[in-house]
Amino acid sequence: MNSQGAQGVAAALAYIEAHLDEKLDLAVLAAAAGYSKYRLHRLFAGAVGLPLHSYIQRRRLTEAARLLVFTQKPILEVALAAGYESQQAFGGIFRALYKQTPLACRQSGVFYPLQLAPDLGPGGAPAPKSPLPPPAYARPEDLDGWMGLLPLVVGGFPHLEEGSHRERVKRYIQNRQALILRDGATVAGAAAFSPGPGSIDFLAAPPRYRRAGVEEALVGSMARREFAGRPVSITTFREGDRADPGQRAAYLRLGFTGAQLLTEFGYPTQRLIL
């Protein structure tokens, strides 16, 4: 994607965020981005990793969950704000993606996002530089860059809460159990691991860097240096989970295969083995 296309995607993202509680017309979005509807669809999916419709749905449900947890607005009002004409329709899609009813979400008092609004920077999301350097151990000064990845990848990690994740990453960095791959000043990918059990606890790269082989480089580095030929595990969505933005398929392409079914933080997941 060239810089002009990246700026168009950034313009569409800004328009969506400013009109999230309104009916979003694709033609208006395309005009805001300066592209045809077809062209915007393709550019958007390439930069964000989701089709426009899925991105908007996940953003609206994320903000609905935020309202459920942090306000006492009636569930019907939350449903209407999320763009649904009835509480029943809202409840159905909310259960499919959050694995609980809106009322149960409110009663739990726990909020986590399906999708955050990514900041692609002033130049949007231009193509990665080539060749990229090898992964390196993350340093304390990498923490902010690592956290800057989350808006683009958080949907791939059920129940990921930003504050607790930041504290865990600090510990991984202190223990030299965190890897970073950089594209200049940009964090192009990140991984955290536990050598004892042989598990990858976090592995992520934005869509444009995923296509550039960043996750393969991170997994390869861990397999060679940290796990010494032992089996490596990672957990992700179960097959068919509608909340999965494509994370499971990405791991399968890396060579992982399905193992035992799990439940983590009350969420159904599956362990994959490399």
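Our subject is the structure that appears above.
For clarity, every value in this text was computed on a predicted model and none was experimentally measured.

Requested: an account of the side chain of Arg-58, with residues and values cited.
On the secondary structure map, Arg-58 appears in helix 4 (residues 52–70). Of the side chains with opposite charge, Asp-244 lies nearest to the buried Arg-58, which makes no salt bridge, at 7.0 Å. Within polar-contact distance, the side chain of Arg-58 engages the backbone oxygen of Gly-155 at 3.3 Å. In contact with Arg-58, not counting residues within four places along its chain, are Leu-50, Leu-97, Leu-114, Gln-115, Gly-155, Arg-242, Ala-243, Asp-244 and Pro-245.

Residue-level account of the packing of helix 2 (residues 26–33) against helix 3 (residues 37–48), with values.
At a closest axis distance of 9 Å, the pairing of helix 2 and helix 3 adopts a crossing angle of 75°. Judged on the interaxial angle alone, helix 3 and helix 2 are roughly perpendicular. On the side of helix 2, the interface is formed by Leu-26, Ala-27, Leu-29, Ala-30 and Ala-33, while helix 3 contributes Lys-37, Leu-40 and His-41.

I'd like a description of helix 6 (residues 87–98), backed by residues and values.
With twelve residues, helix 6 should reach 16 Å at 1.5 Å per residue; the first-to-last C-alpha distance of 15 Å fits that figure. Those residues of helix 6 that are buried lie in contact with helix 4, helix 5 (75–81), helix 7 (102–108) and strand 7 (267–273). Trailing helix 6 by a residue or two, Lys-99 shows a phi angle of about 65°, which is positive.

I'd like a rundown of the packing of aromatic side chains, residues and numbers included.
Evaluation of the coordinates by the stated rule reveals eleven aromatic pairs. Measuring from centroid to centroid gives 6.2 Å for Phe-237 and Tyr-267, while their planes differ by 80°, and the two rings are edge-to-face. Pair noted here: Phe-237 is in strand 5 (residues 233–237) and Tyr-267 is in strand 7, with a separation of 30 residues, a long-range link. With relative accessibility at 1%, the residue Phe-237 sits in the buried group. Three or more aromatic residues joined by ring pairs make a cluster, and in this case those are Tyr-84, Phe-90, Phe-94, Tyr-98 and Tyr-112. Residue placement shows Arg-225 over the ring face of Tyr-137; its charged tip is 5.0 Å from the ring centre.

Rules and cut-offs
- Residues numbered from 1 in each chain as written.
- Predicted model: local features only at pLDDT ≥ 70, side-chain atom pairs only at ≥ 80, totals over all residues.
- Heavy atoms only, no water.
- Helix = DSSP H or I, 4+ residues; strand = E, 2+ residues; numbered from the N terminus.
- Buried < 20%, exposed > 50% of the residue type's maximum accessible area, 1.4 Å probe, protein only.
- Lys, Arg positive; Asp, Glu negative; His and termini not counted.
- Salt bridge = Lys/Arg side-chain N within 4 Å of Asp/Glu carboxyl O.
- Polar contact = N/O pair within 3.5 Å; in protein donor to acceptor, adjacent residues only side chain to side chain.
- Contact = heavy atoms within 4.5 Å.
- Axes fitted to C-alpha atoms, helices over the stretch in contact; angles between N-to-C directions.
- Parallel < 35°, antiparallel > 145°, perpendicular 65-115°, else oblique.
- Expected span 1.5 Å × (residues − 1).
- Phe/Tyr/Trp six-rings, centres within 6.5 Å; stacked < 30°, edge-to-face > 60°.
- Lys NZ or Arg CZ within 6 Å of the ring centre and 35° of its normal.

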